[in-house]
Amino acid sequence: MTITTTDVQTPPNASSTPAKNRAGDRNFSWATRGAGMLILVVLAGVAAFLLLESLPALSADPADIEGGEGFFAYVWPLVFGTLAAALIALIVATPLALGIALFISHYAPRRLSQGLGYVVDLLAAIPSVVYGLWGIQWLAPNVRGAWQWLADHLGFVPLFTGPASATGRTLMTAGLVLAVMILPIITAIAREVFLQTPALHQEAALALGATRWEMIRMTVLPFGRPGLISGVMLGLGRALGETMAVAMVLSTGGFTWSMVTSGNSTIAAEIALDFPESAGLKTNTLIAAGLVLFVITLAVNMAARRVVTRRQAFSGAN
Amino acid sequence: MPAHANRIDVGDLNVYYGSFKAVEDVSMVIEPGSVTAFIGPSGCGKSTFIRTLNRMHEVVPGARVEGKVLLDGEDLYGADVDPVVVRRQIGMVFQRPNPFPTMSIRDNVLAGIKLNGARIRRSESDEIVEQSLRGANLWTEVKDRLDKPGSGLSGGQQQRLCIARAIAVQPDVLLMDEPCSALDPISTLAIEDLISELKKNYTIVIVTHNMQQASRVSDRTAFFNIEGTGKPGRLVEMDDTAKIFTNPSVQATEDYVSGRFG
């Protein structure tokens, strides 16, 4: 440790010493600066585009917006659908990803864990349109019965009010497809951070007489918590913005509390399905919906950052 | 406090990592209430051996032992012995201080107590925290910041926190694997003073590279050596510390302790 700290204490900023102005250094510095600037420019460009193009919809006469009651009446069911589908996906995928990641990092024999890691990564390589096909052709018919059961037995809960969809193409199904899609991201990140838990701390726990599960609870999970949260947030980001699979699987319709009937839609699916045939104010309305999605995603990411930094003094980083 | 009746009796112990024999044929007796130091060159198997005394070597895949280790007459490697239980009886302090970074000082001390589903009352836990931290000569330095993270302490304080954590569960034996090798001389002195205190209540085994330290803190000293790379480590001799450092019976020991080694 002491050796590495002396390494770090070299002058942090080369420009503070009057060094020779070498062409290579200068060019590289400009290249990186340019790359850094570019990302800001692109982000600002997207934000400006969304804002400018959505202004007409935001300031239009409410009667002219689709639905006839103004933009917010139009967009909130979409927001609800987006959040509901993403939430279902998270509820299903997070514990599953946690379990897979822990199995790979701490339980499975080395050879099995490697193979399993590859398989999970492979899930991330499947295009979303394929997930959409799978959702329609296989998943929806197969989960139909389960939604029927929910409607029959838990119908008094608003979320499961019947009649259940005959095709199975409900928000619940879309959420399940999303869960499979975000599983690899969360798993991969969780696995990486779990593997980085210092052996020192794991041994400390075992030497106190901890069982393997207690060792994981005392050291691996607290150490990996910020990483797990960022993984979940990345997954949430993908679930919120995922377009193709939802547009294909979900039989869209108006707002309903029930997750097991057809109906509801998400912002991304709505834009994908309606944009090709939109014109004039309708186009602006869709772009404004896109702006709302942008804001939601931004808010989610900022919230995640707050959670991660809140107890920094207790994090494993020091 | 545990009665002084926890004699460790090691018989013909071989330690393997896979097919590699790391330690060969060690037999020794560690008397209760004593401090025993293991000295020897790097790679001679003393750290491996000390880890077999509480089955911590099993953390490494493929590690196994032959022979027996008796604590108070009971074989630690008996078929129905749970390593988790062994480690609760025989605590360990490591080379680098390793308080749990996600826990406060207080929670670090209580970490072992709260294991295996145990529940304790607040008043009781306060008492254990104070007692353990006093036992590790750390109480006065941290009593006003028990809820701060343990990783904010200095290296020497962290190591004493680890000792407090280890003695909080009231083990019979305390193993220390080079506990001062990452510490400055003043912190080292503090730990050495502490070892003389702890000796009243615990049987202590300490691995050290520092021969002055071995002669200062220990009652008995065991010298381990290795004949060459790839060969297993062996126990060369074990005797009263004074005798090992003044008049050892084996030439190799004399060469090592007098610095004429190699």
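Let me sum up the structure you'll find in this document. Bear in mind the structure is a predicted one, so any value in this text is a computation, not a measurement. (Residues numbered from 1 in each chain as written. Chains lettered and ligands numbered in written order. Predicted model: local features only at pLDDT ≥ 70, side-chain atom pairs only at ≥ 80, totals over all residues. Heavy atoms only, no water.)

A tally of regular secondary structure across chain A gives 11 helices and zero strands. In terms of its C-alpha atoms, chain A occupies a principal-axis envelope of roughly 70 × 55 × 35 Å. Across the 318 residues of chain A, 42% fall into the buried class. For chain A, the proportion of contacts with a sequence separation of at least 24, taken over those separated by at least 6, is 76%. When the accessible surface of chain A is summed, it comes to about 17,100 Å², and 68% of that surface belongs to carbon and sulfur atoms. Side chains of chain A give 18 positive and 16 negative charges; the mean places of these two sets differ by 16 Å. (Helix = DSSP H or I, 4+ residues; strand = E, 2+ residues; numbered from the N terminus. Buried < 20%, exposed > 50% of the residue type's maximum accessible area, 1.4 Å probe, protein only. Contact = heavy atoms within 4.5 Å. Areas by Shrake-Rupley, 256 points an atom, 1.4 Å probe, with all protein chains shown as cover. Lys, Arg positive; Asp, Glu negative; His and termini not counted. Charge placed at Lys NZ, Arg CZ, Asp CG, Glu CD.)

For chain B, the count of helices and strands is 10 helices and 10 strands. Computed over its C-alpha atoms, the radius of gyration of chain B comes to 18 Å, within 12% of the 18 Å expected for a compact globule of 262 residues. Projected onto the principal axes, the alpha-carbon positions of chain B cover approximately 55 × 45 × 30 Å. The 262 residues of chain B split such that 55% are buried. Residue pairs in contact within chain B that sit at least 24 positions apart in sequence constitute 68% of those at least 6 positions apart. Taking the average location of the 29 positive side-chain charges in chain B and that of its 34 negative ones, the two points are 5 Å from each other. (Rg over C-alpha atoms; globule rule 2.2 N^0.38 Å.)

In this structure, Thr 261 of chain A sits in the loop between helix H9 (244–249) and helix H10 (267–274). Filtering out sequence-adjacent residues up to four positions away, Thr 261 of chain A remains in contact with Thr 161, Gly 162, Pro 163, Ala 164, Ser 165, Thr 170 and Thr 256 of chain A.

Let's shift gears to the interface of chain A and chain B. Accessible area lost during the coming together of the parts is what is often quoted as the interface size. In this assembly, 23 residues from chain A lie in contact with 29 residues from chain B. Taking both partners together, chain A and chain B bury about 2,100 Å²; carbon and sulfur atoms supply 67% of that area. Inspection of the region where chain A meets chain B yields one salt bridge. A salt bridge links Arg 51 of chain B to Glu 203 of chain A; its shortest N-O distance comes to 2.7 Å. Joining chain A to chain B, the criterion identifies two residue pairs in polar contact (both at pLDDT 80 or more). (Buried area = accessible area lost by both parts, 1.4 Å probe. Salt bridge = Lys/Arg side-chain N within 4 Å of Asp/Glu carboxyl O. Polar contact = N/O pair within 3.5 Å; in protein donor to acceptor, adjacent residues only side chain to side chain.)

To continue, consider the nonpolar core. Counting residues in each nonpolar core, the largest one holds 111 residues, and the members touching the most others are Met 218 of chain A together with Met 28, Phe 38, Phe 49, Leu 53 and Phe 224 of chain B. Per-element tally for this core: the top contributor is helix H3 (residues 71–107) of chain A, with 16 residues. Discounting chain neighbours no more than four positions away, the residues touching Met 218 of chain A are Ala 205, Leu 208 and Ala 210 of chain A together with Phe 100, Thr 102, Met 103, Ala 111 and Leu 115 of chain B. (Core = buried A, V, L, I, M, F, W, Y, C linked by side-chain atoms within 4.5 Å.)

Residues and elements named next belong to chain A. Following both chains from N to C, one finds helix H4 (residues 110–125) and helix H6 (residues 171–195) inclined at 140 degrees, their axes separated by 8 Å at the closest point. As judged from the angle between their axes, H4 and H6 are oblique. Of the two elements, H4 crosses H6, and the hand of that crossing is left-handed. Residues Gly 117, Val 120, Asp 121, Leu 123 and Ala 124 of H4 form the contact with H6, whose participating residues are Leu 183, Pro 184, Thr 187, Ala 188 and Arg 191. (Axes fitted to C-alpha atoms, helices over the stretch in contact; angles between N-to-C directions. Parallel < 35°, antiparallel > 145°, perpendicular 65-115°, else oblique. Left-handed = near helix turned anticlockwise from the far one by under 90°.)

Before going further, it helps to examine the packing of H3 of chain A against H4 of chain A. Residues and elements named next belong to chain A. One can describe the packing of H3 onto H4 by two numbers: an axis separation of 8 Å at closest approach and a directional angle of 145 degrees. As H3 runs across H4, the sense of the crossing is left-handed. Together, Ile 100, Phe 103 and Ile 104 of H3 and Leu 112, Ser 113, Leu 116, Gly 117 and Val 120 of H4 make up the contact between the two elements. The class makeup of the residues in the contact of H3 with H4 is six nonpolar, two polar and no charged. (Nonpolar A, V, L, I, M, F, W, Y, C, P; charged D, E, K, R; others polar.)

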